[in-house]
Every structure is written in C-alpha cells, then in structure tokens.
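Coordinate inspection notes
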Amino acid sequence: MREPLDPRRGRPGGGRRRLALAGGALLTAAMIAGCGTEAGGPPVLNFYTPADGATQYAAAAQACTDAAGGRYSVVQQTLPKDADGQRLQLARRLVAGDTAVDIVGIDVTWTAEFAEAGWIERFPDDIAAQITDGTLEGPLETGSYQDALWAAPLNTNTQILWYRKDLSPTPPATWDEMIRASEDLAARGLPSYIEVQGAQYEGLTVWFNTLINSAGGQIVSENGDVLIGQEPSRSAAVQAASIMQRVASSPAADPSLSVAKENDGRLAMEAGQAAFQVNYPFVYASLNTPPPDGGGGGTFIDEQGRPAATDTGRQVVDEFAWAPYPAVEAGTPAKVTIGGLNLGVSTTSLHKDFAFEAVQCLRNRENQLRNAVEGGVPPTLEALYSDPAFQGEYPAWQAIKTSLDNASVRPKTPAYQSISIVISDLLNPPAQIAPDAVVDTLAEQVARAENSEGLVP
C-alpha cells in the first residue's frame with residue numbers, strides 16, 4: 001500500500017478549524033455506523049454522496065464493483081440532502097477517524113478546507129496526471145489547491161441565460177442590454193422580470209462572484225490575500241454591485257427578488273411572469289415535464305407582437321430558449337461561477353490505493369454520461385461535449401460548454417463558508433445596495449472572515 005501523503009500545508013488556522021469540530025465529533029463517534037470490510041473478504045469502499053443523484057451514484061458504484069473483478073466492492077452511502085448537513089456529517093466522521101469513510105463526494109467549495117484540515121489525501125502525481133488529461137480546466141481548478149490536486153471532478157454545474165423568444169427574439173448579450181429590454185417590456189405591459197438568485201444565501205454570493213470576475217476582479221486570492229478592496233478588483237466589485245442594485249430596483253424587477261432562489265425563478269418564468277432568467281441546466285428538464293393538469297399560463301405573444309391568452313402553460317414553455325450568460329462588458333464573455341461535485345479520498349480510509357483506483361472508475365465516461373442524462377448535471381470530461389449522442393440528449397450543451405470554457409471558481413480558501421455568509425448578508429436586499437459603500441464594508445468584513453476574526457452574521 002502507498003504510504004499516506006501528508007495533506008497539510010502548514011497554513012495558520014488549520015488546527016483551530018479541526019479543533020472547533022472535534023468536541024462535537026468525538027461525542028458522536030461511538031454512534032457512527034459504517035460498513036467496513038467483511039472478515040476474510042475483499043475490501044468494501046464506502047462512497048459518500050449527496051442525496052440528490054443518489055440513484056445514479058449507486059449505479060456507478062455497482063458498475064465499478066463489477067469492474068474490480070472481486071478485488072474490492074464500492075458501496076454508495078447517502079448523505080443529507082442539504083449541503084450544510086453533508087459537510088457536517090463528513091466533518092464529524094473524519095475528525096473522529098472513521099475508517100469506514102473511503103471516498104467522499106464534496107462540494108467544490110470545500111476543497112481548500114478539507115485539504116487544510118487533513119481530511120482528504122493529496123492525489124499522487126501519476127493519478128493526478130490521468131485525471132487532468134481530458135478534464136475541463138474550470139472543473140479541474142475546483143479540485144486543486146496550492147498547486148496540487150486534492151479532489152477529482154465528477155460533475156460540474158453552471159448557469160446560462162434562459163429567455164422567451166416571443167418577447168426577445170435576439171437574446172441580450174450583456175446585463176445592460178437585458179435590463180433595458182426588461183424595462184421596455186414592462187412599459188408595454190408584457191412579462192418583463194429578470195429572474196436571479198437574490199435571497200440571502202449561497203446563490204446571492206454566486207451571482208456577485210460571477211459579476212466581479214466577469215468585470216476583471218477577484219474577492220480573495222488562493223494565498224489568502226483579500227483583493228476586493230484593492231484595484232482593479234475594487235472597481236470590478238463596484239461594477240458588480242451596481243448591476244445587482246440596478247436589476248433589483250428596476251421598475252421591471254420581480255417584487256420577490258430579494259427572497260428568490262433557483263426554483264422560484266424557474267416557476268416564475270413557467271408561469272409567464274418573466275422574460276429572462278439566469279439559472280442552471282435543471283430548468284430544461286422541468287420545461288419538458290409539464291404538470292398533469294397542463295397548468296401554467298401567463299402571457300403569450302402572438303406573431304404580431306400582441307399579448308394573447310394561453311390555453312395552457314405549454315405555449316409559454318414552447319417559447320423558451322437558451323443562450324450564453326450575459327456579459328458585464330460587451331465582447332468579453334462572462335466568467336460564470338461553477339458548481340459541482342468532486343471526489344476525494346479520505347485520510348481515514350484503510351484502502352487508499354483501491355479508493356484512488358475507484359475514483360477514476362466512478363468518474364469515467366459511462367458514469368458521467370449517466371449523471372448528465374439522468375441527473376441533469378453537466379459532465380467534466382471534455383470529450384463528451386463533442387459526442388453527437390451526448391449532444392442529442394443534452395440540447396443546451398453548447399451554451400453550457402461556452403460557460404464552462406470561461407468559468408470562474410469561488411474563492412479557494414478554508415474560510416470560504418464564512419466569507420460567503422458575509423457577502424450574502426451585506427448584499428441583501430439587492431435593491432438597497434449602495435455600491436461604493438458596500439464594497440468598502442465587504443473588503444473589511446471579508447478580511448476579518450479570512451483571518452478568523454469576529455462573528456459572521
């Protein structure tokens with residue numbers, strides 16, 4: 001067996017973060033149940049995944065068990081549905097030294113934290129090279145930290161623009177164009193809302209991160225330097241905050257924008273209230289699964305550009321189309337913040353060599369294709385996007401690929417969770433943002449969060 005690599009990089013604060021969880025974790029250690037190796041039998045690798053997509057992940061585990069030819073088996077274990085619950089359960093198990101944790105499906109924002117805490121193994125160079133080959137650069141970046149690979153990208157996620165062809169035959173290319181088009185539709189008494197994630201949660205942080213990166217800025221460097229208060233990032237942050245404030249305070253704004261999440265925007269557009277939304281690919285599956293009663297409705301625009309009553313919501317849905325995410329600067333593609341799920345090998349695993357092997361199987365072409373088609377999550381293998389069979393199953397593939405090719409990632413820092421909470425608190429409600437003032441406050445509060453100072457909201 002390969003000797004365990006030391007995953008710690010000596011960053012100040014790593015020990016404090018481990019100790020913060022240790023008290024509660026050790027109290028629950030005795031209650032942790034896990035499936036281990038059968039006595040005298042082949043090793044059992046426990047593969048922990050979110051509840052969403054568990055069916056596809058279980059199918060991949062079975063396929064990789066079959067491929068192992070009896071040398072080991074892979075068993076999928078389901079984590080809680082919400083991200084906070086997933087992170088907490090994994091942290092408790094890993095701090096407690098649970099040897100029944102082998103492969104962990106982790107959110108892309110957890111890589112730095114898990115690496116610094118010593119919870120996941122650094123990928124050996126030869127395996128890292130195999131994973132790097134053929135993987136999209138953006139998703140690969142989410143699994144990397146301090147010039148090393150700590151997690152292998154399984155699937156990714158990105159937002160694109162969804163719009164109504166009858167209201168906007170040509171999709172807006174920039175936020176400025178979209179806001180002006182929305183206001184013009186409102187003036188004509190037509191559906192006009194721009195649906196975005198404006199509630200006080202991670203989605204609001206993602207919106208801001210996309211805009212600041214698209215404007216040429218950054219919140220925090222990988223080395224922990226707070227850039228948002230320095231030029232050119234400060235000007236980019238002011239520009240990002242200004243766009244958010246303008247969208248939310250427009251006469252064409254959705255009144256519920258400050259509490260809106262992904263599904264709220266989807267429903268508003270299907271109901272015929274919105275002309276545009278920035279959202280994830282799951283929207284497509286929803287559009288093609290009409291409610292049993294043929295419900296929906298809203299305003300449909302006839303060939304002469306006049307409002308016409310709809311018999312069913314299907315007419316509105318049939319007008320939906322997709323395009324690349326709106327740019328901040330004309331001619332410069334947006335740098336959309338990507339999400340997704342990465343695979344790490346636990347430092348507590350007793351079978352690390354097998355776990356590294358299984359990770360490569362779990363993210364192979366067949367399993368990523370299943371996740372995309374059945375689970376609606378975009379793959380991280382670049383070759384799939386040029387596969388005609390995949391393109392036929394995934395009609396919005398080109399807009400998604402364009403978004404991924406110009407992707408940005410969230411700040412790669414162990415303090416990300418605190419930073420995200422600070423950002424979503426200060427930028428909500430978006431209509432009340434004072435751009436210059438809020439950026440100064442953001443710079444101060446993000447620095448405190450990065451340095452583990454003060455209390456988060």
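Data block above holds the structure.
Residues numbered from 1 in each chain as written. Predicted model: local features only at pLDDT ≥ 70, side-chain atom pairs only at ≥ 80, totals over all residues. Heavy atoms only, no water.

**Notes on the state of the cysteines**
Taken as a whole, this structure holds one disulfide when the rule is applied. Shown here is the disulfide that connects Cys64 with Cys361, its sulfur atoms set 2.1 Å apart. On the sign convention where negative is left-handed, the bridge of Cys64 and Cys361, at about -100° about the S-S bond, is left-handed. Taken as a pair, Cys64 in helix H2 (residues 54–67) and Cys361 in helix H13 (residues 352–362) lie far apart in primary sequence, 297 residues in all. Each member of the pair, Cys64 as well as Cys361, is classed as buried. (Disulfide = S-S within 2.5 Å. Helix = DSSP H or I, 4+ residues; strand = E, 2+ residues; numbered from the N terminus. Buried < 20%, exposed > 50% of the residue type's maximum accessible area, 1.4 Å probe, protein only.)

**Looking at the packing of H2 against helix H14 (residues 365–375)**
Across the interface, H2 lies against H14 with an axial gap of 10 Å and an inter-helix angle of 160°. Here H2 lies roughly antiparallel to H14, going by the angle between them. You can see that H2 and H14 cross each other, and the crossing is right-handed. Every residue of H14 that contacts H2 at Gln56, Tyr57, Ala59, Ala60, Ala63 and Cys64 is listed here: Asn367, Arg370, Asn371, Glu374 and Gly375. Residues of the contact of H2 with H14, tallied by class, amount to five nonpolar, four polar and two charged. (Axes fitted to C-alpha atoms, helices over the stretch in contact; angles between N-to-C directions. Parallel < 35°, antiparallel > 145°, perpendicular 65-115°, else oblique. Left-handed = near helix turned anticlockwise from the far one by under 90°. Contact = heavy atoms within 4.5 Å. Nonpolar A, V, L, I, M, F, W, Y, C, P; charged D, E, K, R; others polar.)

**Topic: the sheet that holds strand E8 (residues 193–195)**
Ordered by their spatial adjacency, four strands build an open sheet running E8-E9-E7-E12, and the pairing between neighbours is mixed. Both edges of this open sheet fall to E8 and strand E12 (320–323), since each of them pairs with a single strand only. When the angles between neighbouring strand axes are averaged without regard to direction, this sheet yields 20°. One ladder, built from four bridges, connects strand E7 (residues 160–164) with E12; its direction is antiparallel. If you follow Tyr163 over to E12, its bridge partner there is Ala321. Across the face of the sheet, helix H10 (residues 262–270) comes into contact with E7, E8, strand E9 (274–279) and E12 while running at roughly 155° to E9. (Pairing = 2+ DSSP bridges.)

**Thoughts on the nonpolar core**
By size, the foremost hydrophobic cluster in this structure holds 50 residues, and its most contacted members are Trp175, Trp207, Phe208 and Leu427. Sorting the residues of this core by element identifies E7, helix H7 (175–187), helix H8 (202–214), helix H9 (233–249), E9, E12, helix H17 (416–426) and helix H18 (435–450) as the ones contributing at least two each. At nine residues, the largest contribution of residues to this core is made by H9. Excluding residues within four positions of it along the chain, Trp207 makes contact with Trp175, Val196, Gln197, Met244, Val247, Tyr325 and Pro430. Counting 27 residues, the second-largest nonpolar core is a separate cluster that includes Ala60, Ile131, Val345 and Val359. (Core = buried A, V, L, I, M, F, W, Y, C linked by side-chain atoms within 4.5 Å.)

**Looking at the sheet that holds strand E2 (residues 73–78)**
Sheet architecture is open: five strands sit in the order E2-E1-E3-E13-E6, paired in mixed fashion. Of all the strands in the sheet, just E2 and strand E6 (152–157) have a single pairing partner and so form its edges. Geometrically, the sheet is characterised by an average inter-axis angle of 20° between neighbouring strands, direction not taken into account. Sheet topology places E6 next to strand E13 (residues 339–345); five bridges connect them, and they run antiparallel. Directly across from Thr156, in E13, lies its bridge partner Gly340. Lying over the sheet, H13 contacts strand E1 (44–49), E2, strand E3 (103–107), E6 and E13, oriented at roughly 155° with respect to E13.

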